[in-house]
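Spelled out, the chains give:
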2 protein chains.
Amino acid sequence: MYKNKKFSIGEFSEKTGIPIPTLHYYDELGLLQPERNPSSEHRIYNYEDIITLQKILSLKFLGYSLDKIASLLHESSFTADLNESLSLHLHALEREKVQIEQSMQAIKRVIKLVEEEGEVDSALLFSLIYSMHMEHTWIERYKLTEVVEELSKKSEEDKLALDKTYIQLTKAVKQLYGKPVEDSNVQRMIKDYLEASFSFLGEDLMEKIAHTNVKELDIQELESMTPSPFTEDEQTWLNQAIEYYMKQVEME
Amino acid sequence: MYKNKKFSIGEFSEKTGIPIPTLHYYDELGLLQPERNPSSEHRIYNYEDIITLQKILSLKFLGYSLDKIASLLHESSFTADLNESLSLHLHALEREKVQIEQSMQAIKRVIKLVEEEGEVDSALLFSLIYSMHMEHTWIERYKLTEVVEELSKKSEEDKLALDKTYIQLTKAVKQLYGKPVEDSNVQRMIKDYLEASFSFLGEDLMEKIAHTNVKELDIQELESMTPSPFTEDEQTWLNQAIEYYMKQVEME
DNA sequence: CTTGAACCTCAAGTTACTTCAGGTTTTATA
DNA sequence: TATAAAACCTGAAGTAACTTGAGGTTCAAG
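Small disclaimer: the values here were computed from a predicted structure and weren't measured. (Residues numbered from 1 in each chain as written. Chains lettered and ligands numbered in written order. Predicted model: local features only at pLDDT ≥ 70, side-chain atom pairs only at ≥ 80, totals over all residues. Heavy atoms only, no water.)

Enquirer: If you had to explain the pattern of salt bridges to someone new, which residues and values would you point to?
Expert: All names here are of chain A. According to the stated counting rule, one finds 16 salt bridges over all chains in the structure shown. Ionic pairing is found between K174 and E234, a salt bridge with its closest N-O pair at 3.0 Å. Taken as a pair, K174 in helix 8 (residues 156-176) and E234 in helix 12 (residues 232-251) lie far apart in primary sequence, 60 residues in all. Note on K174: relative accessible area 42%, which makes it partly exposed. Linked by salt bridges that have partners in common, D27, R36, E41 and R43 make up one network. (Salt bridge = Lys/Arg side-chain N within 4 Å of Asp/Glu carboxyl O. Helix = DSSP H or I, 4+ residues; strand = E, 2+ residues; numbered from the N terminus. Buried < 20%, exposed > 50% of the residue type's maximum accessible area, 1.4 Å probe, protein only.)

Enquirer: Let's hear about the UniProt feature "domain: HTH merR-type" (unreviewed entry) in chain A: which residues, and what values?
Expert: The UniProt feature table records "domain: HTH merR-type" (unreviewed entry) at residues 6-75 of chain A. Its end C-alpha atoms 26 Å apart, residues 6-75 of chain A is made of 57% helix and 10% strand. (UniProt positions renumbered as here; feature names shortened; annotations may be inferred.)

Enquirer: So what's going on with the nonpolar core? Which residues, and what values?
Expert: Ranked by size, the top nonpolar core spans 110 residues in total, and within it M189 of chain A together with M189 of chain B carry the most contacts. The contact partners of M189 of chain A, leaving out residues within four places of it in the chain, are L169, A172, V173, L176, W237 and L238 of chain A. (Core = buried A, V, L, I, M, F, W, Y, C linked by side-chain atoms within 4.5 Å. Contact = heavy atoms within 4.5 Å.)

Enquirer: Can you explain helix 12 of chain A? Please cite residues and give values.
Expert: Residues and elements named next belong to chain A. Counted at 1.5 Å a residue, the expected span for helix 12 with its 20 residues is 28 Å, and the 29 Å between its end C-alpha atoms agrees. Every buried residue of helix 12 is accounted for by E234, W237, L238, A241 and Y245. Down the axis of helix 12, the smallest arc covering the buried residues is 100°, so these residues share one side. Residues of helix 12 that are exposed and angled more than 90 degrees away from the buried face: E243, K247, E250 and M251. Packing partners of the buried residues in helix 12 comprise helix 8 and helix 9 (184-201). (Expected span 1.5 Å × (residues − 1). Arc of directions from axis to C-beta.)

Enquirer: Just give me the short version of the protein's contact with DNA strand D, but keep the residues and values in it.
Expert: With respect to spatial proximity, 18 residues lie near DNA strand D, and among them G10, H24 and R43 of chain A together with T22 and Y25 of chain B are the closest. A share of 83% of the atoms of DNA strand D within 4 Å of the protein falls on sugar and phosphate groups. One of the side-chain N or O atoms of S8 of chain A is found 2.9 Å from a phosphate oxygen in DNA strand D. For DNA strand D, a phosphate oxygen lies 3.0 Å from a polar atom in the side chain of Y26 of chain B. (Near = heavy atom within 4 Å. Polar contact = N/O pair within 3.5 Å; in protein donor to acceptor, adjacent residues only side chain to side chain.)

Enquirer: Tell me about the confidence of the model for chain A, and please be specific about residues and values.
Expert: Low pLDDT means the predicted atomic positions in that stretch should not be read closely. With 79% of its residues at a pLDDT of at least 70, chain A reaches an overall mean of 80. Put simply, helix 11 (residues 216-225) of chain A is where chain A has its lowest mean pLDDT, 53, and strand 3 (residues 43-45) of chain A is where it has its highest, 97. (pLDDT = per-residue confidence, 0-100.)

Next comes the structure, spelled out in structure tokens:
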């Protein structure tokens, strides 16, 4: 009968798909300690050991550490206690999943961008990636829940479109930098970018952002933490150009 | 101007949220090596270092190892080369995500079961967890794609219902074990369980399973790998009872 | 000028393995 | 039956990305 079959470590490894060194390791940890041939010390696995290994794999599948598994392995029944620890694991897994999903989205955006734009300046890419990252981090840190939730509702195409507009802006800035801020090309560049941003964000979202009161200190901090694809000089020039543009708009 | 501000490691850690030992570690790896006070060897971080740290965090967010980050950090622009490595990462993340989702589903099922049934025998729980695990593993190993896909379409409630029926079965077996297989209680137990299983699986799925040709050897292997909540004797008795039941049904 | 906070380095611990070196046992073949 | 190859053994070290700790120096405030 197969239940009485004995296996060498090689056979056992073959059947279960678990590498020999891992079996050694589990033996060392006391998780799975098979019989031994007393003269040679070779391990002899049997049917029971298959069951034990399955328990180990099951608990690993549920996300437990080998340490925890070692203790759980000897409990004969699962109580509410276990249920609590299962819930904890569930939450941990949920967080992991969310993190992974965010990374995947970010990578997809970056891939599309690189595909469509060819070579992209690394400072620019970093600033995009970082902002994607922060889009999610902000939720927790500054309770901009409403705003960020609204943002995440925007379609991926819209986000990509905005990214591309941003890339256009950086290219234009590199080209036009040095010209007077009232130059018509410069002003057109500003106009295009701001209009694209506004149309992406929408009026009510702009309102909400304006009314969100993040402490001054935090804003300082955020600003100094936000990477920019522009040199300091370019940034200053760009700010001046934007300021000029806003004044013109107000006058109209 | 804030761009000229210098930070001690403590301040820098505070501002960025990265623990001091981690900053030490990044320094050691050559990822982020700030200025030093030549007399005291104390680290002095500046605005540049914030930018570098952001790059590191961005790339970590995308799933890169610190090793890779070290090399990427010095590249000034991202090419198609990077795009390829991004795609690879994307796939890796996808796999991770799927694995996490499966674990979450399994945990949810186990939690519900424990909640609704109170204390549950551990051998039984392991066999359930293992089968959930295998439900997914089989897809790859035996190309039962069709069948398993059909299975995963079943609603969570249905799965839970089947789990509960299975629990009923194990309880009944423990109670009735020893009675003659033709005993009416025993036969009712078999009937209830088989009918629940059939109604869960549906005829066409049963058909497909029957027609799926897994090699004999593999079946042996699978069987010996599948944990059972029954003792060997109980299993034998149960098989006999089922056999008897099938004969009776055939005669009708 | 002293004391406590902040900083320094170097070493070791963590998890779940994998890899390696150097030696013994089993198994297959001549 | 001799021998060589395959399989096995142990113990140590390597991996990633940190964290923790010991023991000593420097800085800032009172």
